[in-house]
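Results of the structural survey
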Amino acid sequence: MPGCLHLLNAYLPRTETFIWQNLRRARRYTPLVLADAWENLEAFPLPGGELIRLKPSRPWWSRVNARLSGTYAPVRYPEGALRTRDIAVCHAHNGFRACVTLGFATDFGKPWVVNFYGSDLSQAEFLRRARAYPRVFRQSRALLVEGPAMRQRLLELGAPAKKIRIQRIAVDPAEYPFRERSWDGNREIRLLFVGRMVEKKGLAVGLQALADRRLDFPWNLTVVGDGLLRPQLEAQAERLNLSKRVDFLGMRSLEETRSLMESCDLLLQPSHTGSDGDGEGGAPTIILEAQACGMPVLSTLHDDIPYVTVPERSAWLAPEGNADALAENLRRAAREASRWAGMGRAGRAKIEADHDVVREIEALERCYDEVSG
């Protein structure tokens with residue numbers, strides 16, 4: 001079976017389960033992973049593939065030149081250790097990895113596919129330094145994005161339309177037990193937020209919405225995730241007198257997060273564009289996971305979130321960054337609790353129809369077939 005060489009910054013951050021979903025479901029191309037760092041290996045096993053531990057090379061002079069020129073220093077690997085393998089195609093995961101491995105991919109001489117994920121199409125500082133993008137666009141055989149909003153961003157950066165393909169993020173619905181949600185009007189509504197503590201995830205807006213005095217129902221918010229903004233967000237919850245109703249749990253494993261999804265009622269995921277231009281690009285994977293297990297979603301009209309939900313049928317979507325509109329949707333969710341079960345069914349159907357990893361890996365491997373001839 002031919003191999004696909006996957007180029008990653010690290011294998012694998014807990015926030016990048018969407019990559020693991022594809023790697024572990026490969027059927028016709030053996031996944032060979034080449035990364036600069038290795039982490040969480042016990043959480044993301046790859047029994048059908050191989051983790052290739054080659055020491056990356058980034059000479060001092062290339063790092064100095066990159067600093068002086070405001071670009072990124074290239075990364076090289078010993079190609080001899082790869083030449084003996086049956087590698088049909090290379091797949092770079094995110095625009096940064098594509099920029100720094102451009103020279104390596106050129107010399108290696110295999111067809112090249114580049115996957116974009118969000119920040120690599122929107123964050124102002126990254127785009128200022130990503131001067132290799134025109135060459136990345138020329139050299140690649142296919143440019144993969146999660147949805148139409150990401151496709152438009154890539155077009156605006158000068159990518160040729162004929163190379164852009166929508167490769168949906170996906171999950172395995174069988175791994176998410178489905179449960180219809182309901183509320184008796186008395187107990188606390190259990191809200192869940194999952195994401196890194198960065199601006200674009202929108203938790204600050206979510207907390208502001210939850211502080212709205214018009215929310216006349218009992219609720220509790222469980223927050224899963226960590227990051228640089230956690231102290232600020234905890235201080236905000238304290239300042240808004242929400243501390244007793246918001247539980248910051250920090251990072252949790254995939255299994256623990258699934259368990260929390262099982263016990264919660266609604267997903268609160270108010271993503272928006274950060275002040276540095278950073279956005280989701282596509283949509284947070286947790287929105288797919290929540291819909292798969294029957295949770296109605298409270299989110300925003302940001303990037304490809306409308307594309308991965310069924311607006312008004314599986315999700316209430318507010319304008320991004322608008323705490324008042326988000327608060328109104330929270331009130332609406334409480335008023336329309338009789339709809340939760342139907343919204344959960346609509347969300348599950350959406351995931352099964354459009355975001356099943358079994359179907360999506362077939363589409364990805366057809367792409368590999370085409371670019372490798």
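Predicted model, so just to flag it, every value in this text is computed and none were measured. (Residues numbered from 1 in each chain as written. Predicted model: local features only at pLDDT ≥ 70, side-chain atom pairs only at ≥ 80, totals over all residues. Heavy atoms only, no water.)

1. Some remarks on the overall build of the chain
- Counting secondary structure elements, the chain contains 16 helices and 13 strands.
- Computed over the C-alpha atoms, the radius of gyration of the chain is 21 Å, within 12% of the 21 Å expected from 2.2 N^0.38 for a compact globule of 373 residues.
- Taken over the C-alpha atoms alone, the chain extends approximately 65 × 45 × 40 Å along its principal axes.
- The 373 residues of the chain split such that 56% are buried.
- Surface exposure of the chain reaches about 15,400 Å², of which carbon and sulfur atoms provide 49%.
- Of the charged side chains in the chain, 52 are positive and 47 negative, and the gap between their average positions amounts to 5 Å. (Helix = DSSP H or I, 4+ residues; strand = E, 2+ residues; numbered from the N terminus. Rg over C-alpha atoms; globule rule 2.2 N^0.38 Å. Buried < 20%, exposed > 50% of the residue type's maximum accessible area, 1.4 Å probe, protein only. Areas by Shrake-Rupley, 256 points an atom, 1.4 Å probe, with all protein chains shown as cover. Lys, Arg positive; Asp, Glu negative; His and termini not counted. Charge placed at Lys NZ, Arg CZ, Asp CG, Glu CD.)

2. Here we look at the packing of helix H9 (residues 203–210) against helix H10 (residues 230–239)
- H10 packs onto H9 with a crossing angle of 5 degrees between their chain directions and a minimal axis gap of 10 Å. The orientation of H9 relative to H10 falls into the category roughly parallel. Along the contact surface, H9 presents Leu-203, Ala-204, Leu-207 and Gln-208, while H10 presents Leu-233, Gln-236 and Ala-237. (Axes fitted to C-alpha atoms, helices over the stretch in contact; angles between N-to-C directions. Parallel < 35°, antiparallel > 145°, perpendicular 65-115°, else oblique. Contact = heavy atoms within 4.5 Å.)

3. So, the pattern of salt bridges
- Enumeration over the complete set of coordinates arrives at 33 salt bridges.
- Among the salt bridges present, the one from Glu-336 reaches Arg-339, with a minimum N-O distance of 2.7 Å.
- Classification of Arg-339 as partly exposed rests on a relative accessible area of 28%. (Salt bridge = Lys/Arg side-chain N within 4 Å of Asp/Glu carboxyl O.)

4. Digging into the nonpolar core
- Among the nonpolar cores identified, the biggest contains 37 residues, and Tyr-11, Leu-192, Leu-267 and Met-295 are the most heavily contacted of them.
- Mapped by element, the contributors of at least two residues to this core are strand S1 (3–11), helix H1 (17–24), strand S2 (30–38), strand S8 (189–194), helix H11 (254–263), helix H12 (285–292), helix H13 (305–308) and strand S13 (315–318).
- When residues of this core are assigned to their parent elements, the largest contribution, five residues, is made by H12.
- Not counting the four nearest positions on each side in its chain, Leu-267 is found in contact with Leu-192, Ile-286, Ile-287, Ala-290, Met-295, Pro-296, Val-297 and Leu-298.
- Counting 36 residues, the second largest nonpolar core, distinct from the first, contains Leu-5, Leu-32, Ala-98 and Tyr-133. (Core = buried A, V, L, I, M, F, W, Y, C linked by side-chain atoms within 4.5 Å.)

5. Regarding the pairing of S13
- Both faces of S13 are covered, namely the face carrying Ala-315 and Leu-317 and the face carrying Trp-316 and Ala-318.
- Here four bridges tie strand S12 (residues 297–300) to S13, and the two strands are oriented parallel to one another. Looking at S13, one finds that Ser-299 is bridged to Leu-317. (Pairing = 2+ DSSP bridges.)

6. Quick look at the state of the cysteines
- Within the structure shown, the criterion is met by zero disulfides.
- Here Cys-90 stays free of any disulfide, with the sulfur of Cys-4 as its closest cysteine sulfur at 7.2 Å.
- Unpaired in terms of disulfides, Cys-293 finds its nearest cysteine sulfur in Cys-264, a separation of 9.3 Å. (Disulfide = S-S within 2.5 Å.)

7. Description of the sheet that holds strand S4 (residues 87–93)
- As summarised here, the arrangement of the seven strands in space is S3-S2-S1-S4-S5-S6-S7, forming an open sheet in which the pairing is parallel. The strands lining the two open edges of the sheet, one partner per strand, are strand S3 (50–52) and strand S7 (164–166). Each strand of the sheet is rotated relative to its neighbour by a mean of 30 degrees, with strand direction disregarded.
- Taken together, the eight bridges between S1 and S2 define a ladder with parallel strand orientation.

8. Quick look at the sheet that holds S13
- The strand order S10-S9-S8-S11-S12-S13 describes an open sheet built from six strands, whose pairing is parallel. Edge strands, defined here as strands with exactly one partner in the open sheet, are strand S10 (246–250) and S13. Strand-to-strand twist in this sheet, taken as the mean axis angle between neighbours without regard to direction, amounts to 25 degrees.
- Helix-sheet contacts for helix H14 (residues 323–335) involve S8, strand S11 (266–268), S12 and S13, and the interaxial angle to S13 is about 160 degrees.

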